[in-house]
Amino acid sequence: MTQLLLVDDEPVILKSMIANDWPGIGVEQVFQAASGLEAAELLKHTPIDIVVTDIRMPGMDGLQLCKHIQEHYPHTKCILLSGYGEFEYAQQAIRYGTVNYLLKPIKDEELLAEVARVRTAIQQEWEEIGSLEQARQTLHVNLPLLKSNLLNDLLAGVSTSPNALNERIHEYGLPFMTGSDCAVMMIRMEDGFGRTPGDALLYEFAVHNIACEILHAHYDTWTCKDAFGYMIFLLQNKKKDREVALEQEKMLDKAVHDLQLKVSGYLKGCISVLISEHGEFPEGVVELYHKALNEFRKVPRSEQGVIIKALEPRAQSKSLSALYSPPGFTQLLEAGRFQDARAKLNAVLEEMQAKQLDTEEHTMEVAYTLMNAFLYTAHLQNKTLLELSGWEVDMTADLRTLSRSDRMLEWATKLLDCIEAGSTREFRDGKSQLISKIHRFIEAHLANDVSLQTIADHVGLHPVYLSALYKQEMNENISEYIMRYRMDKARVLLGTTDIKIYELASQLGFQNPPYFSKLFKHYYGVTPQEYRDRLTP
């Protein structure tokens, strides 16, 4: 359904254009507007396919209307009518996306023909946008990602009905059949593949291509990269005959050895490979994957280039003694002993290397222990980890990706540095807050007991530690500050009030007025009464 909007400030011309045989060229509805502003308002509420507008109008002219339409309604086509043939107007019209620039006076037949042409072009444009071929091309471009995502969902046990799964498998052109025999092959990238993320992706792509080429003769493959960074290959033997398939299974070891040799020879890198047991597709895939993942996570990183069979399970190594020997990371961070925390981390890593405990299980054990200590330290100070680290920590880091001890060390060291810097800032700020808290307590309780012990009780610190900390920060003892504050307040009150001296002494915490007078004279050289008398005219 094509909708047309005619815009002209001359009523006679507008009426003439409306009278044309628009239904004859497939235009079902025709709207009108006497100005650019009126047209812009109508466009807010009415879907319009084609706008025919005069160029010279008061307020918003035709060129401005075309610009407005281009910015807000990009699928609406504009035809400009003008009595001026200057190139400048035509140039602006093209810039604002008009499909044609027609000179007045224009015959009805010419206008009808031009609108019909634009209508046809609009139909073709929308047909292309919604065409099946366009959808197929889009699917083809995104097919590798769609296949990968579907396999990851399958490995994660995402619930999908058999019909929906088979429909996706057929749509993606995967040869896997329900009830067929399958196995999982996992590849772990080891050393020699570059350090930057860009390098890793390129090498993974290369390893993937080499593996698919080697396996292609005997296996259908379906691949993805899982959440832990493993390259996953779901394998289905092309030979459905069980005896032939069993014979070809013996060739899988050879294929894996060939893969390792080619990766080493052509890419100068090292990979470890795990081959799972066999199971039924798709019901057995999750269990196959979990068992394979469990076995791979027991294999030390220092044991590179191995081929692991899931049928030959390994025993899990014991925990790291250096990780839990006191003091723990939490206690070290709580006490601000960051150098000791770094030394402990290095001791843990040394134990991992010395005892070949650099498995992913142990690395994750260290990473989560550290993260718990980091979070506890932050929350102890009523901060988030981001706030404590000075907003520098990468909270997007997925601990599952820290499966290598070197990556875990890099992450932990950076986080320790950030938290140390943040804690130093927090410690300085904390001192300032503590001093303010002490001063506020003295001011509020000056007439009562403001001894070192009562202040220490108020702020929750030991009197000796509090006294030393205050002296370090303020270059005077707390008792000196209290006395100075009392004398300053006495001087102000003597000059601004008529309070009796013995009452003033009581307000300042002196139960013995003569003793107060003695101290005041020591500070100012005169007694309180003499000081007041000097100020009295």
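Caption draft 1: Spatial organisation of the overall build of the protein. For the protein, the count of helices and strands is 22 helices and ten strands. Scored against the burial criterion, the 537 residues of the protein give a buried share of 42%. Here the contacts in the protein between residues at least 6 apart in sequence split such that 67% fall between residues at least 24 apart. Summed over its atoms, the accessible surface of the protein is roughly 29,200 Å², and 54% of this surface lies on carbon and sulfur atoms.

Caption draft 2: Local environment of the packing of helix 17 (residues 452–459) against helix 18 (residues 463–474). Contact geometry for helix 17 and helix 18: axes closest at 9 Å, N-to-C directions at 95°. Relative to helix 18, the element helix 17 is oriented roughly perpendicular. Contacts between helix 17 and helix 18 involve Leu452, Gln453, Ile455, Ala456 and Val459 from the first element and Pro463, Leu466 and Ser467 from the second. Here the contact of helix 17 with helix 18 is composed, by residue class, of six nonpolar, two polar and no charged.

Caption draft 3: Main features of the pattern of salt bridges. A full pass over the atoms with the stated rule returns 21 salt bridges. The salt bridge partner of aspartate 54 is lysine 104, with a shortest N-O separation of 3.1 Å. Separated by 50 residues along the polypeptide, aspartate 54 in strand 3 (residues 50–54) and lysine 104 in the loop between strand 5 (100–103) and helix 5 (108–129) bring together distant segments of the chain. Residue lysine 104 is classed as partly exposed on the basis of its relative accessible area of 25%. It is possible to trace a salt-bridge network through shared partners that takes in Arg188, Glu190, Arg297, Arg301, Glu360 and Glu361.

Caption draft 4: Fine view of the sheet that holds strand 10 (residues 307–309). One open sheet accounts for five strands, arranged 7-8-6-9-10; its pairing is mixed. For this open sheet the edge positions go to strand 7 (219–225) and strand 10, each flanked by a neighbour on one side alone. Strand-to-strand, the axes of this sheet are offset by a mean angle of 20°, without reference to chain direction. Of the pairings in the sheet, the one linking strand 9 (residues 271–280) to strand 10 comprises three bridges and is parallel in character. If you follow isoleucine 275 over to strand 10, its bridge partner there is lysine 309. Where helix 10 (residues 285–296) meets the sheet, its contacts fall on strand 6 (181–189), strand 8 (231–237), strand 9 and strand 10, and the angle it forms with strand 9 comes to roughly 150°.

Caption draft 5: Layout of the pairing of strand 1 (residues 2–7). Burial within strand 1 is extensive, with six of its six residues counted as buried. Burial along strand 1 is two-sided: the face carrying Thr2, Leu4 and Leu6 and the face carrying Gln3, Leu5 and Val7 are both buried. A crossover links strand 1 with its parallel partner strand 2 (residues 27–33), the connecting element being helix 1 (residues 11–18), and its sense is right-handed. In terms of strand pairing, strand 1 meets strand 3 through four bridges, oriented parallel. Looking across to strand 3, one finds that leucine 6 is bridged to valine 52.

Caption draft 6: Highlighting the pairing of strand 9. Burial runs high along strand 9: seven of the ten residues are buried. Note that strand 6 and strand 9 share eight bridges and pair antiparallel. Bridge pairing in strand 9 links arginine 188 to serine 272. A crossover connection joins strand 9 to the parallel strand 10 through helix 10; in handedness this β-α-β unit is left-handed.

Caption draft 7: Main features of helix 13 (residues 338–354). When the terminal C-alpha atoms of helix 13 are compared, their 24 Å separation across 17 residues agrees well with the 24 Å that a helix rising 1.5 Å per residue should span. Those residues of helix 13 that sit buried are Phe338, Ala341, Arg342, Lys344, Leu345, Val348, Leu349, Glu351 and Met352. One or two residues past the end of helix 13 sits glutamine 356, with phi positive at roughly 50°.

Caption draft 8: Here's a closer look at the side chain of serine 82. Positionally, serine 82 belongs in strand 4 (residues 77–82). Residue classification places serine 82 among the buried positions, given a relative accessible area of 0%. There is a polar contact of 3.5 Å between the side chain of serine 82 and the side chain of tyrosine 101. Excluding residues within four positions of it along the chain, serine 82 makes contact with Asp54, Ile55, Tyr101, Leu102, Leu103 and Lys104.

Rules behind the numbers
Residues numbered from 1 in each chain as written. Predicted model: local features only at pLDDT ≥ 70, side-chain atom pairs only at ≥ 80, totals over all residues. Heavy atoms only, no water. Helix = DSSP H or I, 4+ residues; strand = E, 2+ residues; numbered from the N terminus. Buried < 20%, exposed > 50% of the residue type's maximum accessible area, 1.4 Å probe, protein only. Contact = heavy atoms within 4.5 Å. Areas by Shrake-Rupley, 256 points an atom, 1.4 Å probe, with all protein chains shown as cover. Axes fitted to C-alpha atoms, helices over the stretch in contact; angles between N-to-C directions. Parallel < 35°, antiparallel > 145°, perpendicular 65-115°, else oblique. Nonpolar A, V, L, I, M, F, W, Y, C, P; charged D, E, K, R; others polar. Salt bridge = Lys/Arg side-chain N within 4 Å of Asp/Glu carboxyl O. Pairing = 2+ DSSP bridges. Right-handed = clockwise from strand over helix to strand, strands pointing away. Expected span 1.5 Å × (residues − 1). Polar contact = N/O pair within 3.5 Å; in protein donor to acceptor, adjacent residues only side chain to side chain.

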